[in-house]
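Next come the chains, spelled out residue by residue.
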Amino acid sequence: MEYQRKKKLTNFTIGLLFLSGGIEYAVILPTIWAYLQTLHAEPYFLGLGISAFSLTGLLTGPLFGHWSDRSHRTKAVILFANVFEIVGNFMYFMGVSKWLLLGSRLVAGIGTGAGASIFGYLTRSTTSQERATVFAAVMACRQVGLLIGPACNLFLRLCNFRLGPFEVNKFTSPGLFMCLLWILLQFVVVAMYYDLPPLPQPPRAALAEEREPLVQHDAGQEEPAERRSYGGTGQRAPAEPPVGDESRYVPNGHLAEEEGGEKEKSPFQNFSAMREYLREEVVVLLTAQFITLFNQTALETMVTPITQRYLSFGELENSIMYFLCGIEVICGFFLVRCLSSRLPDRVILVLGLVICNVACVWCLLFLARPQGSFPVLLAELVVGVFLQVLGLPFVAVSQVSLFSKVTAERTQGFSQGLRRSVGGIATILGPLWAGGLTENLYIMLGVMMGLLSLLMVMVGLSYSYLVEPPRGYVPGPSQEEQRS
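Residues numbered from 1 in each chain as written. Predicted model: local features only at pLDDT ≥ 70, side-chain atom pairs only at ≥ 80, totals over all residues. Heavy atoms only, no water.

1. Re the overall build of the protein
Step number 1: A count of helical and extended segments in the protein gives 16 helices and 2 strands.
Step number 2: Sequence-distant contacts, at least 24 apart, represent 82% of the contacts inside the protein between residues at least 6 apart.
Step number 3: Total accessible area on the protein stands at roughly 22800 Å², and carbon and sulfur atoms take up 66% of it. (Helix = DSSP H or I, 4+ residues; strand = E, 2+ residues; numbered from the N terminus. Contact = heavy atoms within 4.5 Å. Areas by Shrake-Rupley, 256 points an atom, 1.4 Å probe, with all protein chains shown as cover.)

Rendered as structure tokens:
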């Protein structure tokens with residue numbers, strides 16, 4: 001009972017952390033350009049400021065993940081990372097120069113690296129059946145923050161007073177607000193977050209029983225793809241594990257329990273990045289992470305110029321559009337949460353990719369060169385944006401859940417950091433690609449369509465491997481690899 005109470009408090013705290021991350025994005029982004037203009041910054045500083053936040057996050061994610069994997073103390077990682085959020089947002093509030101503002105986003109971005117440790121913890125503390133449901137809830141919390149952020153700006157824009165040597169106005173108040181919010185969250189993490197032990201693994205006897213097939217295959221009959229050793233292209237798993245410590249690996253990176261209670265081994269003992277991440281299913285999921293985020297950020301960059309040019313949308317109309325998109329995304333995450341208990345992750349992934357392909361085709365046909373009256377243009381935009389936003393939760397949740405199942409559980413923090421770094425690169429390159437091609441939408445959308453088609457082919461060819469590895473032994477590192 002005590003364990004369940006601590007788990008609920010910990011999950012609630014994680015939800016607050018992701019909620020605050022969404023609020024920060026929605027509070028800072030609408031005012032940063034006007035803030036930079038008051039500091040006499042060149043236009044390219046806007047791109048630098050937005051990219052700086054993602055850059056340091058993608059660099060620190062694997063580092064924080066590695067730290068939590070080795071120490072099994074996610075709480076310390078979160079508290080340390082939040083210090084950078086506090087300092088970075090206070091620097092943003094100071095607003096002395098454009099360079100300090102740029103540095104503030106670099107410092108605050110370091111704190112986002114803790115997300116890798118949190119996803120690693122969620123992987124270790126959930127079963128494979130409930131993981132997609134939990135991930136969907138966490139991601140929905142960030143989307144709720146994206147909706148709350150604009151509401152906070154309605155009050156922050158009314159600020160106009162001095163706090164010691166600093167002026168508090170509609171440009172500096174978001175930094176002060178987020179600084180105080182992250183300080184409050186530090187106390188919440190200290191009081192309500194617990195480093196809970198991972199779920200217990202089945203004993204070796206149970207694993208031995210699971211290795212016995214329920215139905216014996218006839219001689220020469222090939223096993224289905226799900227029963228093969230994952231990560232290969234056609235090799236079959238050995239019926240019996242080879243003798244020797246070098247081969248005593250069990251699914252998802254758990255080492256078989258040592259007899260006699262030996263000292264716990266490092267999660268990175270016998271770890272090989274080449275073996276772990278250059279497997280077919282891992283490469284496909286990392287590619288899905290990159291392409292979907294690249295396309296998402298590119299379309300976000302493209303939509304505002306289109307609405308301004310063809311529909312004469314202003315700040316109010318665009319704000320309403322983004323608000324409605326946020327509502328749709330949240331509903332999408334809860335839909336995926338319901339479907340994840342009934343459909344496999346790979347089916348949800350394919351559904352999401354089909355929707356994204358239809359959305360990209362629609363945009364290529366109707367938005368690359370919009371024509372017609374205002375109602376026709378508005379309808380074409382609404383359908384394109386609706387389809388694109390609808391597919392995002394399906395792809396996002398399924399690929400995160402699958403990635404946690406096909407990579408080693410012992411090193412989930414580092415693996416999730418690598419996945420988030422790939423996504424960070426996509427969120428940097430996407431706006432840069434779209435920003436330079438707003439006048440050549442056929443080229444921009446054509447490349448995006450080509451990337452999605454490539455991803456569909458990769459998922460189709462690797463579909464049989466996009467499952468959780470079967471319980472049983474899989475080949476471990478060779479003796480030569482151990483000696484090297």
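2. Some remarks on the nonpolar core
Step number 1: One finds Ile 14, Leu 122, Met 302, Leu 349, Met 444 and Leu 445 to be the most contacted residues of the largest nonpolar core, which totals 78 residues.
Step number 2: Setting aside residues no more than four positions away along its own chain, Met 444 makes contact with Met 302, Trp 433, Ala 434 and Leu 437. (Core = buried A, V, L, I, M, F, W, Y, C linked by side-chain atoms within 4.5 Å. Buried < 20%, exposed > 50% of the residue type's maximum accessible area, 1.4 Å probe, protein only.)

3. Quick word on the side chain of Glu 328
Step number 1: Positionally, Glu 328 belongs in helix H11 (residues 315–339).
Step number 2: For Glu 328, which is buried and forms no salt bridge, the nearest opposite charge comes from Arg 142, at a distance of 15 Å. (Lys, Arg positive; Asp, Glu negative; His and termini not counted. Salt bridge = Lys/Arg side-chain N within 4 Å of Asp/Glu carboxyl O.)

4. Examining helix H15 (residues 441–461)
Step number 1: In this model, H15 (21 residues) spans 30 Å end to end at C-alpha, consistent with the 30 Å of a helix rising 1.5 Å per residue.
Step number 2: Buried residues belonging to H15 abut helix H10 (280–310), helix H12 (345–367) and helix H14 (412–435). (Expected span 1.5 Å × (residues − 1).)

5. Observations concerning the packing of aromatic side chains
Step number 1: With the rule as written, the count across this model stands at 14 aromatic pairs.
Step number 2: Residues Phe 90 and Phe 93 carry aromatic rings whose centres are separated by 5.7 Å and whose planes lie at 55° to one another, so their mutual orientation is tilted. You can see Phe 90 and its partner Phe 93 sitting in helix H3 (residues 74–94), 3 residues apart, about one turn around the helix.
Step number 3: Classification of Phe 93 as buried rests on a relative accessible area of 1%. (Phe/Tyr/Trp six-rings, centres within 6.5 Å; stacked < 30°, edge-to-face > 60°.)

6. Brief notes about the pattern of salt bridges
Step number 1: Across all of its chains, the model carries 5 salt bridges by this definition.
Step number 2: Between Glu 24 and Arg 105 there is a salt bridge, and its shortest N-O distance comes to 3.7 Å. In this pair, Glu 24 sits in helix H1 (residues 2–38) while Arg 105 sits in helix H4 (residues 98–111), placing the two residues 81 residues apart along the sequence.
Step number 3: On the accessibility criterion, Arg 105 (5% relative accessible area) is buried.

7. Describing the environment of Val 83
Step number 1: Its location among the elements puts Val 83 in helix H3.
Step number 2: Classification of Val 83 as partly exposed rests on a relative accessible area of 39%.
Step number 3: In this structure the C-alpha to C-alpha distance between Val 83 and Ile 110, which are 27 residues apart in sequence, comes to 9.4 Å.

8. Topic: a nonpolar patch on the surface
Step number 1: On the surface, a nonpolar cluster with roughly 370 Å² of combined accessible area is contributed by Ile 320, Phe 323, Leu 324 and Ile 327.
Step number 2: Following the sequence through the fold, Leu 324 ends up in helix H11. (Patch = residues over 30% accessible without salt bridge, like charges linked within 9 Å, V, L, I, M, F, W, Y side chains within 5 Å.)

9. Points about the side chain of Glu 24
Step number 1: Its relative accessible area of 2% is what places Glu 24 among the buried residues.
Step number 2: The contacts of Glu 24, once residues within four sequence positions are left out, are Phe 53, Glu 85, Asn 89, Arg 105, Ala 108, Met 178 and Trp 182.

10. Considering the packing of H12 against H15
Step number 1: The N-to-C vectors of H12 and H15 enclose an angle of 160°; their axes lie 10 Å apart at closest approach. Comparing the axis directions of H12 and H15 gives the class roughly antiparallel. H15 is crossed by H12, and the crossing has left-handed handedness. Contacts from Leu 349, Val 350, Leu 353, Val 354, Cys 356, Asn 357, Cys 360, Val 361, Cys 363, Leu 364 and Leu 367 in H12 reach Leu 441, Tyr 442, Leu 445, Gly 446, Met 448, Met 449, Leu 452, Ser 453, Leu 455, Met 456 and Val 459 in H15. (Axes fitted to C-alpha atoms, helices over the stretch in contact; angles between N-to-C directions. Parallel < 35°, antiparallel > 145°, perpendicular 65-115°, else oblique. Left-handed = near helix turned anticlockwise from the far one by under 90°.)

11. Comments concerning the packing of H1 against helix H7 (residues 173–192)
Step number 1: Packing of H1 against H7 leaves a shortest axis separation of 11 Å and a crossing angle of 175°. Taken together, the axes of H1 and H7 lie roughly antiparallel to each other.
Step number 2: A breakdown of the residues in the contact of H1 with H7 according to their chemical character gives 16 nonpolar, 6 polar and 1 charged. (Nonpolar A, V, L, I, M, F, W, Y, C, P; charged D, E, K, R; others polar.)

12. Here we look at the environment of Pro 393
Step number 1: Relative to the elements of secondary structure, Pro 393 occurs in helix H13 (residues 374–406).
Step number 2: Residues Pro 393 and Ile 330, spaced 63 residues apart in sequence, show a C-alpha to C-alpha distance of 8.4 Å.
Step number 3: Setting aside anything within four residues of it in sequence, one finds Pro 393 in contact with Val 329, Gly 332, Phe 333 and Val 336.

13. Considering unusual backbone geometry
Step number 1: In this structure, His 40 takes a positive phi of about 60° despite not being glycine.
Step number 2: For His 40, the position within the fold is in the loop between H1 and helix H2 (44–71).

14. Brief notes about the confidence of the model for the protein
Step number 1: Of the residues in the protein, 81% reach a pLDDT of 70 or more, and the chain-wide mean stands at 77.
Step number 2: The low-confidence segment residues 204–263 (pLDDT under 50) makes 100 contacts with residues lying over four places distant or belonging to another chain.
Step number 3: Note on residues 472–484: pLDDT under 50 across the span, and 27 contacts to partners over four residues away in sequence or across chains. (pLDDT = per-residue confidence, 0-100.)

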